[in-house]
Structures are given as structure tokens and as C-alpha cells.
Amino acid sequence: PSAGRGQDELYTALQTLVENVHKSTGQRVVLLAASFGPQVALGFLHRMTQAWKDAHVAWFVAESPVWSGAPLSTYATISGYGYPNMTGFYRRVALSALSTQWLFPRAGASNTTWSQSDVFVQTPNRNYTAYDYDALLHDLGLDAWRPGLQAIVNDADLARFDPPGVDTIVTYGFGLGTPGVFGYDKPFVADPKNLPVASVFQNISETGDGVVPLRSSLRSFYVWPGQQAALGKRFYQWGYPGQPHAYCIVPQGGRCFSDVLGLVINGTLPPSSVSTPPTVTE
């Protein structure tokens, strides 16, 4: 996203790395990213010219992407997400990283975003949806975070969600219980030092990979195929039942790991990949 000088420096360094690898090997590179990484890699590819991408990038592999966000990121901002005796520390980490807000569920009317009726934070005096972030941060005493969140929401990389413009593989897991609704017995206190404790920790109905709901993973499946084809670029999206978040990038990932390597290295499609992801209802 447009996160200022640090983000620009990251993209410049990544461009230099890709060019150096291409120059030293004579081969185009594979950009492989997992979890938060695909969003960063997509922003990088959006900033490169088509001629540069054609010359330097063979494949973009997006493993367990969070294209439309995940409610767990909101929970991390409110209560901290991690070991129970370290929630205060994890919350401080969440508040110190723009990436946490970048992963807030994205508001929208499609079946791959969160609507005004999709409540994922509940309190006695009000509920919050993806349309209520200003109010949520204000009620938590986090007004200083509101401008940064608004800049992220308006950022074109995920708001417009243009295709990467290179041959692309997206892999994801589904069928696992994935947190999506968090309830609190007490109203929020407008104090950044206050640490609300959730009394309800409910899974989302559509499942996911244990971290990212299915609708977020499938955004690329519903948006990119035609756009990629118009650019003359291949696009594959494969789902794996029971695969945990970001599990494809390790050899223990089994079939997903071998499927990606088979296509990227040998050019062979897996014989029984999931070509049609599970349906996400409105």
C-alpha cells in the first residue's frame, strides 16, 4: 500500500534484487509470497511496467493470500492475538504495524468482501462491521490510528484489485474452523491502555484456513481470470481441503507444495487440482 518512504524503499530493493538475480542466472524469477506477502508482492507488480514484468518475472505464487482481509486482524487490534498470558504484548505489536490494519476485513457488496450486515465485533451498546472502523478506533481510544487506516482503505492496490500481469498461481486452504465473530460483555473504553477481553470467539460459517475466511482467498478467483487472459497471462487458483494457513510453502505442505513446484519447474499441471473453488454465497 501507499505506506510512505519505507514501502517505496522496499519496492526499490525488491526490484534491484529481481534484476540482479535475473542478470546473474539469465532466468526470470518466481515471486513466492505467503499470508501477508501476496498483498505486498501485488503492490510491487502494480508499480512495474508490463515490459519489465515480461522480462523479469516468470511466475507469481500467492499462498494463503488475505486479499479482502480477515476478522482476526481486527481482534488483534482490540485484544491482542497470541498466547493468553502475552495478549498485551501482542496488541502492542498489532498497533505498531500498519500491516495489521491493512488486513482488516474489506468493506463491499460482493461475495468476497464484508457487507454492512456482516457483524464481526459485538458489544452491549453497539456492533461493528467493516463500515464502522472510524467508530471502532474512536471507541477504543485509538483516534491516532484513524488517518492511517483511511489511507489503507483508499489504497488502489487492494481497492481496485488490478491483476498482477504475470503468470499467477493462487493456493489456499479451506474447510477449517476460522474465527470471524468476537463478542465482548462490556462496552469499549476509550483508553489505548485498556485491553478488552472477548467472551465470544465464534467461527465464520463459510470456513477458511484457520486464519483467513474463504471469501478473502477467493477474491482473485472471481476477479482476475478474464483480466489475466486479456493480458496473455495464465492464472490458476487451487484450493486444498483441510490445509492450514500458509502451509503450502513448506515441504510438509504435501500435495500443494508439489503441485506448485511441478508447474513452476516442470510446467506440468497437477492431475486432480481443485479447478473450481467452493462456492461463497452472498
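Just above, that's the structure.
Within each chain, residue numbers correspond to sequence positions counted from 1 in written order. Confidence filtering applies because this is a predicted model: local features only for residues at pLDDT of at least 70, side-chain atom pairs given and counted only at 80 or more, and all residues used for totals across whole chains, interfaces and linings. Excluded from the side-chain calculations are hydrogens and water; all other atoms, namely the structure's heavy atoms, are used.

Overview of the overall build of the chain
Move 1: Helix and strand definitions here come from DSSP, where helices need a minimum of 4 consecutive H or I residues and strands a minimum of 2 consecutive E residues; each element is numbered from the N-terminal end. The helix and strand tally for the chain stands at 12 helices and 8 strands.
Move 2: In this treatment the radius of gyration is a C-alpha quantity, and the globule benchmark scales as 2.2 Å times the residue count to the 0.38 power. Its C-alpha radius of gyration of 19 Å places the chain within 12% of the 19 Å reference for a compact globule of 282 residues.
Move 3: Considered along the principal axes of its C-alpha atoms, the chain spans approximately 60 × 40 × 35 Å.
Move 4: Exposure categories follow from relative accessible area, calculated using a 1.4 Å probe and restricted to protein chains: below 20% of the type maximum is buried, above 50% is exposed, and the middle band is partly exposed. Considering the chain as a whole, with its 282 residues, one finds that 47% of them fall into the buried category.
Move 5: Within the chain, contacts between residues at least 6 apart in sequence are counted, and of these 75% link residues at least 24 apart. Here a residue-residue contact requires only that any non-hydrogen atoms of the pair lie within 4.5 Å.

Notes on the sheet that holds strand β2 (residues 57–63)
Move 1: Paired strands are those between which DSSP finds at least two bridges. Spatially, 4 strands are ordered β1-β2-β5-β8 in an open sheet, and the strand pairing comes out parallel. The open sheet has two free edges, formed respectively by β1 (29–34) and β8 (235–241), since each of these has just one partner strand. On average, each strand axis in the sheet is inclined to that of its neighbour by 15°, with strand direction left out of account.
Move 2: With 6 bridges joining them, β1 and β2 adopt parallel strand pairing. By the bridge assignment for β2, Leu31 is matched with Phe60.
Move 3: Between N-to-C directions, angles span 0 to 180 degrees; the directions come from axes that are lines fitted to C-alpha atoms, helices contributing only their stretch in contact. Where helix α12 (residues 255–266) meets the sheet, its contacts fall on β1, β2, β5 (168–174) and β8, and the angle it forms with β8 comes to roughly 160°.

Structural notes on the pattern of salt bridges
Move 1: Salt bridge, as applied in this entry: a Lys or Arg side-chain nitrogen positioned within 4 Å of an Asp or Glu carboxyl oxygen. This model, assessed by the stated rule, comprises 10 salt bridges.
Move 2: The residue Arg47 makes a salt bridge to Asp157 at a minimum N-O spacing of 2.9 Å. Residue Arg47 is located in helix α2 (residues 37–47), and its partner Asp157 is located in helix α9 (residues 156–159); the two are separated by 110 residues in the primary sequence.
Move 3: For Asp157, a relative accessible area of 5% translates into the label buried.
Move 4: Linking Asp134 and Arg146 is a salt bridge whose minimum nitrogen-to-oxygen distance equals 3.5 Å. Highlighted residues: Asp134 in helix α7 (residues 133–139) and Arg146 in helix α8 (residues 146–154), separated in sequence by 12 residues.
Move 5: Here Asp134 falls in the partly exposed class, since its relative accessible area comes to 38%.

Observations concerning the state of the cysteines
Move 1: Note on terminology: pairs of cysteine sulfur atoms within 2.5 Å are recorded as disulfides. Tallied over the full model, the rule gives 1 disulfide.
Move 2: Across the disulfide, Cys248 is cross-linked to Cys256 (sulfur-sulfur distance 2.0 Å). In this structure the cystine formed by Cys248 and Cys256 twists about its S-S bond by roughly -95°; its chirality is therefore left-handed. Of the two residues, Cys248 and Cys256, both sit in the buried class.

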